[in-house]
Amino acid sequence: MSLFAHQLRAEQKLFWRSREAAIFVFLFPVMLFLLLGAVYSDEIEGHPAASWLLVGLIGYGVANTAFGGLAIFLVLRREAGILKRLRSTPLPSEVYLGAVVASTLLVFALQTAALIAIGRLFYGAELPENWPALVLALILGAIAFAGMGFALAALIRSSEGASPVVNVIVLPMAFLSGSFGPTREYPAFLQAVADVLPLKYFLELVRAAYLDGDAIWDNPSAIAIVAAWGAVAYAVAARRFRWAPVDRS
Amino acid sequence: MSAAVEVAGLRKAYGGIEAVRGVDFEIRSGEVFGLLGPNGAGKTTTVEILEGYRERDAGTVAVLGFDPARGEAAFRARIGVVLQISEPFYNLTVREQHAMFARYYEHPRDVDETVRLVGLEEKANALAKTLSGGQKRRLDLGLALVGDPDLIFLDEPTTGFDPAARRAAWEMIRSLRSLGKTILLTTHYLDEAQELCDRVAVMRDGEIVRIGTPDALRGGEAEAEIRYRRDGEQVVVRTREPTRALHELTAAALADGRELDELEVRRPSLEDVYLALLDEDES
């Protein structure tokens, strides 16, 4: 087994054995979908409500798992001295960070699969119209949001701060970007905030692929915006990411 | 004996403040070397430069022949680091964490043998979150040893231990020494340095103010103190000939039919010397 596979396996073991991670990162979007799916019926924006919400919750999933969950986990490991200790071993940092990202993507993939399965089973949601476009959109989004997770982790200074900061960003962003329901009736200034956030464009890509069957290339500006957020995030992370706990002495 | 660590003219400043101001020392292969000093003396900065965590501003550093600032995997394969603050993976068992770390090395120690070495064989299949504080520190040590390093860094290894746990940790450090490992340990406890270290360096304000064996630091054959009480007054006699001085003192007391209350003969401890060294700096 390669070192990468060894580390990925260890990261998966750690994720699923942690009750906090399994519940708040993996299960929470699924639970929200079960709730919202029971509340909305009929159609939203010309699509069956369950299908529309399913896409919204995939968007919440990427923000909650690849971005928020990853940021919290990195801050906790950094402040616990775990990253620093790993840094003293011969494990190459790119192998470690690669395994962390891959593990996060795997959780997000399973979460999306669970959302689709629950949508089918309980609410009669549709299956994706365009699988390849959906998969490409999910990979692009997950990698970009993981970059934002690294950048945010670099900006959070204490483990106590990690969860609150993440929640203050993730929940409003998901709400404004239309993860939990249509935003057309929102006041203009709220819509203007959503216009600069990456989640709105990720949702556009996933909706187009999932509901309308569009090819991913049909929406180049949304791709560009998500990719740009990701690129800036990785640049910030490359400059600011730290392995050692923040020195507060 | 060859040198495991060679440091010359080491300097490091943070934002204009010099934390390390020209430090020179050598650690021989197979010795236990202690770095003592109050907080802010530059111990941690020095050790972190040797571990490869920080870059130096000036000076030369060779650790096992490597420049630690280059961060080569071949260098990291030969050191073991026990940080002052590091938590285990709470949801892995003792054995699983050792196996996880062992895989990072080309020539690791046997996992079960390492678990035994740090005395955790009864806890091998217990999740780390169920361990006591002392057991967690032993897990830290085991993870630092599983790569079979030649040089081990121990940063205040017994801080917060109860006396029994400290004795046990000391035994373990002695057993590492007998395996031929070189050990650099920082500590606040002078008795710990005296018990464990072949040589110690005392740092103050970014400089090494004294270096040598604990005995040499205490002054070797130098003065002993004889203390007793006379009419409620503490009397201290400092002498280089304690046998003669004590004989004269007791003979005189016997002749007068007096008792020497609370009679005590002692050599200055490393702690006395250390505190005196730090006082010198102040003046």
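Residues numbered from 1 in each chain as written. Chains lettered and ligands numbered in written order. Predicted model: local features only at pLDDT ≥ 70, side-chain atom pairs only at ≥ 80, totals over all residues.

> Any details on the overall build of chain A? Residues and values, ideally.
Secondary structure assignment for chain A yields 10 helices and 2 strands. Reading the secondary structure of chain A in the N-to-C direction produces α-α-β-β-α-α-α-α-α-α-α-α. Over its C-alpha trace chain A gives a radius of gyration of 18 Å, about what one expects of a compact globule, namely 18 Å for 249 residues. Overall, chain A is about 55 × 40 × 35 Å in size when its C-alpha atoms are taken along their principal axes. Sorting the 249 residues of chain A into buried and exposed places 46% on the buried side. Within chain A, contacts between residues separated by at least 24 positions form 82% of all contacts whose residues are at least 6 apart in sequence. (Helix = DSSP H or I, 4+ residues; strand = E, 2+ residues; numbered from the N terminus. Rg over C-alpha atoms; globule rule 2.2 N^0.38 Å. Buried ≥ 20, exposed ≤ 12 C-beta atoms within 10 Å, placed from the backbone. Contact = placed C-beta atoms within 7 Å.)

> Describe the environment of Arg19 of chain A, and please don't skip the residues or the numbers.
For Arg19 of chain A, the location among the structural elements is in helix H2 (residues 19-39). Residues Arg19 of chain A and Trp243 of chain A, spaced 224 residues apart in sequence, show a C-alpha to C-alpha distance of 25 Å.

> With reference to specific residues and values, describe the sheet that holds strand S12 (residues 261-266) of chain B.
Residues and elements named next belong to chain B. Strand order across the open sheet formed by 3 strands is S11-S10-S12, with antiparallel pairing between neighbours. Among the strands making up the open sheet, the edge pair consists of strand S11 (233-239) and S12. Adjacent strand axes in the sheet meet at a mean angle of 15°, parallel and antiparallel pairs treated alike. As judged from the 4 bridges shared by strand S10 (residues 224-230) and S12, these two strands associate in the antiparallel manner. Residue pairing in the sheet places Arg229 in a bridge with Asp261 of S12. Of the strands in this sheet, S10, S11 and S12 are in contact with helix H9 (residues 242-256), which crosses S10 at around 15°. (Pairing = 2+ DSSP bridges. Axes fitted to C-alpha atoms, helices over the stretch in contact; angles between N-to-C directions.)

> Give a detailed account of the domain arrangement of chain B, specifying residues and quantitative values.
Assigned domains of chain B: these are domain 1 (3-217) and domain 2 (224-266). For domain 1 of chain B and domain 2 of chain B, the distance between their C-alpha centroids amounts to 44 Å. (Domains from an automatic or database assignment.)

> Which residues make up the interface of chain A and chain B, and what values do they have?
The interface of chain A with chain B comprises 18 residues on the first partner and 20 residues on the second. Elements supplying a minimum of two residues to the side of chain A that touches chain B: helix H1 (3-17) and helix H4 (82-87) of chain A. With 5 residues, H1 of chain A is the largest single contributor of residues to the side of chain A that touches chain B. The class makeup of the residues in the side of chain A that touches chain B is 10 nonpolar, 5 polar and 3 charged. (Nonpolar A, V, L, I, M, F, W, Y, C, P; charged D, E, K, R; others polar.)

> Help me get a handle on the environment of Leu217 of chain B, residues and values and all.
Counting through the fold element by element, Leu217 of chain B comes out in helix H8 (residues 214-217). Look past the residues within four positions of Leu217 of chain B in its chain and what remains in contact with it is Val200, Arg210, Gly212, Leu270 and Val273 of chain B.

> Residue-level account of the sheet that holds strand S3 (residues 32-36) of chain B, with values.
Strand pairing in a sheet takes place through backbone hydrogen bonds and is either antiparallel or parallel in direction. All names here are of chain B. Pairing in this open sheet of 6 strands is mixed, and the strands run S5-S6-S7-S3-S8-S9 from one edge to the other. The open sheet terminates on both sides in strands that have one partner only, identified here as strand S5 (79-82) and strand S9 (207-212). If you compare each strand with its neighbour and ignore which way they point, the axes differ by 15° on average. Summarising the sheet, strand S6 (residues 151-155) and strand S7 (residues 182-187) pair through 5 bridges and their orientation is parallel. Note on S7: the bridge partner recorded for Leu154 is Leu185. Strands S5 and S6 of the sheet are contacted by helix H5 (residues 133-145), whose axis makes an angle of about 165° with S5.

> Which residues make up the confidence of the model for chain B, and what values do they have?
Residues and elements named next belong to chain B. A residue-level look at chain B finds 97% of positions with pLDDT of 70 or above and a mean pLDDT of 88. Confidence, expressed as mean pLDDT per element, reaches its minimum in chain B at helix H10 (residues 270-282) with 71 and its maximum at helix H3 (residues 94-102) with 97. Complex prediction metrics read pTM 0.86 and ipTM 0.89. (pLDDT = per-residue confidence, 0-100.)

> Give a detailed account of unusual backbone geometry, specifying residues and quantitative values.
Even without being glycine, Asp205 of chain B reaches a positive phi, approximately 50°. For Asp205 of chain B, the position within the fold is in the loop between strand S8 (199-204) and S9.

> Go over the packing of helix H3 (residues 49-79) of chain A against helix H5 (residues 93-123) of chain A, please, and point to the residues and values.
Residue and element names in this part refer to chain A. As a packed pair, H3 and H5 sit with axes 10 Å apart at the nearest point and diverge in direction by 160°. In this view, H3 runs roughly antiparallel relative to H5, as classed from their interaxial angle. Note that H3 runs across H5; the crossing there is right-handed. Along its contact with H3, which presents Ala50, Ser51, Leu54, Leu57, Ile58, Gly61, Val62, Thr65, Ala66 and Leu70, the element H5 presents Thr104, Val107, Phe108, Gln111, Thr112, Leu115, Ile116, Gly119 and Tyr123. For the contact of H3 with H5, the per-class residue count stands at 12 nonpolar, 7 polar and no charged. (Parallel < 35°, antiparallel > 145°, perpendicular 65-115°, else oblique. Left-handed = near helix turned anticlockwise from the far one by under 90°.)

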